[in-house]
Each structure stands twice: as structure tokens, then as C-alpha cells.
2 protein chains.
Amino acid sequence: MPAPSIRSKIRKTPGEPASPWAARRRLRSGHALKRDAVILAAARAFRQRGYHNTSLDDLAASLEVTKPTLYLYVPGKEAMLFECFRAGLAQIQSTLEECERAPGPARERLFAFIRGYAAAIVGDFGWCMLRAEDQHLGTAMSRRIKLLKAGIDRRMRALIEAGVADGSIRDCDPKMTAFALAGALNWMGHWYREDASLKPLEIADRFIDFFNRGLRGRD
Amino acid sequence: MPAPSIRSKIRKTPGEPASPWAARRRLRSGHALKRDAVILAAARAFRQRGYHNTSLDDLAASLEVTKPTLYLYVPGKEAMLFECFRAGLAQIQSTLEECERAPGPARERLFAFIRGYAAAIVGDFGWCMLRAEDQHLGTAMSRRIKLLKAGIDRRMRALIEAGVADGSIRDCDPKMTAFALAGALNWMGHWYREDASLKPLEIADRFIDFFNRGLRGRD
């Protein structure tokens, strides 16, 4: 580690790397940023034009780079879809981890997760999350996506089971309940429009009201 | 109309048309039966291999007819998908009409509809119902499918509104509730397997239990 005087001296030269290691870190983070930009552009193109109707040429043109440049970041269109799937999943996983670790009754934590899930589904990567499996991916990639999806299902189910255990959720079939919840939320990806009167979190709250109390009126 | 004696005489010749009109009726019903068989085979092929991976040649081969013969019944692959969609829809519409006309509180009629809907979604035409819009149909066909889907949405919503009016369903947002219900049911098309331990109507009943009472445990 350089002495403070040297560090401050180096810092005086803006735009120039402080050390070869910092330069490499910067390069790496520059690469990661560009890769993220490629994946985001792919997600938007897939949603707008459909996976099959999007070519890497279109994508390269929209980013104002050449097709070989795209390959520096992601090795092909199928990998692009997979990375989109993974980016959406990362968003869902991070909200899931937060909800798993939070204090309080599991039902409230499940509802917090539902809010995060709704936001992810209507976000940039939501379309890919919902449709990736329908896109004739190779067997290996399909299997990886199925495994990742199954992981979310399992953890959602575990959250419901925790609610049954702590009494905040009534005794129910956790598997079928998780499927019903996920279905209601995933379906948003089909009907939700950005110009709709309700924002994603408002929709999530109406859903939560229904999930919480059900339909039953006076009996 | 022929006299009884002539009718009974005609009936004695089995296999032979009773009249040119009857012959035409028989031909027509033969045509309709064959057309139904073509549409059913298409639905199964689309589900099994995907729409884009199914060719009319495959379909003709599976029915042991020539491709031109297929065109006698349905004018092309896109029309085939549309007819599959319409067949699934007809199933849902018929259960919907039954539930609309039935006596009793609207909540019970809604639940009867949910059972019928679940059966249709996992049936032969369910896949086409769910995915038709993702298959790059022409604008005109896409629009027709959207209109037909919107019709089901609207009638499902009306059933919920009727429940709020008769007190069997508590005051809720009928539009969002209908979307949540339809989403939960449609999602079955993604995860349901015929060899699963629960049959479609058992799944529908677990869903109904959840839709009815919600998740809330002891508070």
C-alpha cells in the first residue's frame, strides 16, 4: 500500500490510473458495466421484438458497436437470453434473501417478497424470466433455467411453510399456494402496460389484499 | 317431408343416405369431424414440439394425409393455431355460460367456473390458449385473439362484480382480482404435468380454498 503522500499525489492526476492494479480493476469494472449495458439492451430488444425476431446485428446497431464487439461480452444470442434470465433472477433473489432474513411474521415477509417480485416481473428482465423457456433453448441452458426457477419456487414455498409454523399463515398446501401466488404475479408480465393507471406496487398491494383475506363475503 | 312409409323404407337401407339433403348433412358432419381431428392433432403437435418447430408436413404425416388435404380443412398453420385457440376458448365459454345462468350465489358460480377453466387449461387446447399470442401471428389474427381473451376477462370480472353485489364476495377490486385468478390458473399450463399426483380438479379445489379464505392465520 503506498504512503499517504504518494496516494494523494497520485490522486491529483485525475483520469489516470492510480496503479496497474487499480487500472485493471477499473478496466474490469468498465467491462462489467459494458456487459450490463449489452444485457439490458438485449432484454429490451427481446421484449419489444421477441427473441426470434431480434438479431445480434440489430442489437449491435442499437448499441453502436460491431457484432464481434458484442461477442467480447456475451458469446451469442442464446447466452444473451440466459444472462437476461439471470439478471432478472438476481433481482428476485436479492429481495428473497432480504425477506428471508428480515424479522417479523413470515406472512409479512412473504408479502414484502411479493412486492419485490411484482416489480421484477414488470421490469426490464421480466419478459425474459417469463418466456426464456419457450424460446427453444438448448437442453443444457433450458435445464439451468429450470433449476434456477425451481430454486425460487422452493424458497417461496419455504416462506409459506415458515408462516404456517409461526401461525401467521393458516394451514394450507404450501406447494399449490406458491404456484397460485407465482402464477398471479407472473401473469402481470402478460397484461401489465407501463401506461396503466396502477403502478406495479399498487397492483401488488391489491393482490396482497386478495391473497391475505380471500374472496369470501358475508356467509 | 316424406310420408312415414317411405321414411321407414328408406331407413331399411343402412349406410345409404336417406335423401340428398341428409347426404349433404352427413357429408358436412363428416367434414366437421375431420376438421376437428385436424385441429386436435395440430394442438397436440404444437404443445409437444412448439409452434415454430411444427410443420404442416409433420402434421399431415401424423394424420396420414397429404398436405393439400389439410388445406381442405384449415387454410394454413396460422389459421390452425387460431382454430386451436378458438376450440379452447369454446370450452371455456361453454362453462362460463353455464355458470352465468346457474342459480345460487355468484361466488359459488365463480368457483364452478374456476374448475372448468382449470380443466381447459391443462387440456389439449390449453397450451395454444396460453401461447398463441407469443407466436408472431399476423396483426389481424393477434387482434382477434386479444378480443376473444378480453371477452373472457370481462365476463369473469362481471361474475366477481355479481358476487360483490349479492354479498357472497367481499368488496374488492374486480379487475385485479380477475387478473390474479386468471394468472394463477393460466400458470398451471406451465407447471402442470399429466403424471402429477394431483388431478386438475384437485388442484382447482386447493386453489379455490386459497382464493376463498386467503392466507391469513391467527392474528
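From a predicted model like this one, the values you see are computed outputs, not experimental measurements.

**Student:** How would you sum up the overall build of chain A? Please name residues and give values.
**Tutor:** Along the backbone of chain A there are ten helices and zero strands. The order of helices and strands in chain A, counted from the N terminus, is α-α-α-α-α-α-α-α-α-α. Classification of the 219 residues of chain A by burial places 44% in the buried group. In chain A, 64% of the contacts between residues at least 6 apart in sequence involve partners at least 24 apart. Accessible area of chain A: about 11500 Å², with a carbon and sulfur share of 54%.

**Student:** Describe the packing of helix α6 (residues 106-121) of chain A against helix α9 (residues 174-191) of chain A, listing the residues and the values that go with them.
**Tutor:** Residue and element names in this part refer to chain A. Between α6 and α9, the least distance of the axes is 8 Å, while the angle of their chain directions is 25 degrees. Comparing their axes, α9 and α6 come out roughly parallel. Considering how the two elements wind past one another, α6 and α9 form a crossing that is right-handed. Across the interface between the two elements, Leu110, Ile114, Tyr117, Ala118 and Ile121 of α6 pack against Leu181, Ala182, Leu185, Asn186, Met188 and Gly189 of α9. Looking at the contact of α6 with α9 residue by residue, the classes come out as nine nonpolar, two polar and no charged.

**Student:** So, the environment of Ala87 of chain A: which residues are in play, and what are the values?
**Tutor:** All names here are of chain A. Position of Ala87 relative to the elements: it lies in helix α5 (residues 77-101). On the accessibility criterion, Ala87 (24% relative accessible area) is partly exposed. Residues Ala87 and Gly126, 39 residues apart in the sequence, show an inter-C-alpha distance of 9.4 Å.

**Student:** How would you explain the nonpolar core if you had to name every residue and give the values?
**Tutor:** Ranked by size, the top nonpolar core spans 136 residues in total, and within it Leu110, Phe207 and Phe211 of chain A together with Leu110, Phe207 and Phe211 of chain B carry the most contacts. Not counting residues within four places of it along the chain, the set of residues in contact with Phe207 of chain B comprises Met176, Phe179 and Ala180 of chain A together with Ala184, Leu185, Met188 and Trp191 of chain B.

**Student:** Tell me about the pattern of salt bridges, and please be specific about residues and values.
**Tutor:** Side-chain pairs of opposite charge can arise whenever the charged atoms involved come near each other. Per the stated rule, a full pass over the model turns up 28 salt bridges over all chains. Glu97 of chain A is the partner of Arg155 of chain A in a salt bridge, and the nearest nitrogen-oxygen pair spans 3.7 Å. Of this pair, Arg155 of chain A sits in helix α8 (residues 139-166) while Glu97 of chain A sits in helix α5, and the two are 58 residues apart along the sequence. Using a relative accessible area of 23% as the deciding quantity, one classes Arg155 of chain A as partly exposed. Judged by its relative accessible area of 35%, Glu97 of chain A is partly exposed. Where Glu100 of chain B meets Arg155 of chain B, a salt bridge forms, and the shortest distance between an N and an O atom there is 2.8 Å. Placement of Glu100 of chain B in helix α5 (residues 77-101) and of Arg155 of chain B in helix α8 (residues 139-166) is noted, with a sequence separation of 55 residues between them. Judged by relative accessible area, which is 32%, Glu100 of chain B ranks as partly exposed. A network of salt bridges, in which partner residues are shared, links Arg44, Arg47, Asp124 and Glu194 of chain A.

**Student:** I'd like a rundown of the relation of the copies chain B and chain A, residues and numbers included.
**Tutor:** Once chain B has been moved 0.0 Å along the axis and rotated by 180 degrees, it coincides with chain A to within an RMSD of 0.1 Å. On the angle and the small slide along the axis, the relation comes out as a two-fold axis. Minimal C-alpha separation from the rotation axis in chain B is found for Gly214 of chain B, amounting to 1.9 Å.

**Student:** With reference to specific residues and values, describe α8 of chain B.
**Tutor:** Residues and elements named next belong to chain B. Between the first and last C-alpha of α8 there are 40 Å, a value that for 28 residues agrees with the 40 Å anticipated at 1.5 Å per step. For α8, the set of buried residues is Met141, Ser142, Ile145, Gly151, Ile152, Met156, Leu159, Ile160 and Gly163. Following α8 by one or two positions, Gly167 adopts a phi angle in the positive range, close to 85 degrees.

**Student:** Can you lay out the interface of chain B and chain A for me, pointing to particular residues and giving the numbers?
**Tutor:** Listed per partner, the contact involves 43 residues of chain B and 43 residues of chain A. At the surface where chain B touches chain A, the tally comes to four salt bridges. Counting across the chain B and chain A interface gives 16 residue pairs in polar contact (both at pLDDT 80 or more). Those elements giving two or more residues to the side of chain B that touches chain A turn out to be α6 (106-121), α7 (126-131), α9 (174-191) and α10 (200-213) of chain B. In terms of residues, the side of chain B that touches chain A owes the most to one element, α9 of chain B, which gives eleven residues.

**Student:** Break down the packing of aromatic side chains for me, citing the residues and quoting the values.
**Tutor:** Under the defined criterion, the tally for this structure stands at twelve aromatic pairs over all chains. Arranged with centres 5.8 Å apart and planes meeting at 40 degrees, the rings of Phe210 of chain B and Phe211 of chain B form a pair that is tilted. Assessed through its relative accessible area of 4%, Phe210 of chain B is described here as buried. By the ring-pair criterion, three or more aromatic residues cluster together here, those being Phe207, Phe210 and Phe211 of chain A together with Phe207, Phe210 and Phe211 of chain B. Across from the ring centre of Tyr51 of chain A, 4.5 Å away, lies the NZ or CZ of Lys77 of chain A, which sits over that ring.

Analysis parameters
Residues numbered from 1 in each chain as written. Chains lettered and ligands numbered in written order. Predicted model: local features only at pLDDT ≥ 70, side-chain atom pairs only at ≥ 80, totals over all residues. Heavy atoms only, no water. Helix = DSSP H or I, 4+ residues; strand = E, 2+ residues; numbered from the N terminus. Buried < 20%, exposed > 50% of the residue type's maximum accessible area, 1.4 Å probe, protein only. Contact = heavy atoms within 4.5 Å. Areas by Shrake-Rupley, 256 points an atom, 1.4 Å probe, with all protein chains shown as cover. Axes fitted to C-alpha atoms, helices over the stretch in contact; angles between N-to-C directions. Parallel < 35°, antiparallel > 145°, perpendicular 65-115°, else oblique. Left-handed = near helix turned anticlockwise from the far one by under 90°. Nonpolar A, V, L, I, M, F, W, Y, C, P; charged D, E, K, R; others polar. Core = buried A, V, L, I, M, F, W, Y, C linked by side-chain atoms within 4.5 Å. Salt bridge = Lys/Arg side-chain N within 4 Å of Asp/Glu carboxyl O. Least-squares fit on C-alpha atoms with pLDDT ≥ 70 in both. Expected span 1.5 Å × (residues − 1). Polar contact = N/O pair within 3.5 Å; in protein donor to acceptor, adjacent residues only side chain to side chain. Phe/Tyr/Trp six-rings, centres within 6.5 Å; stacked < 30°, edge-to-face > 60°. Lys NZ or Arg CZ within 6 Å of the ring centre and 35° of its normal.

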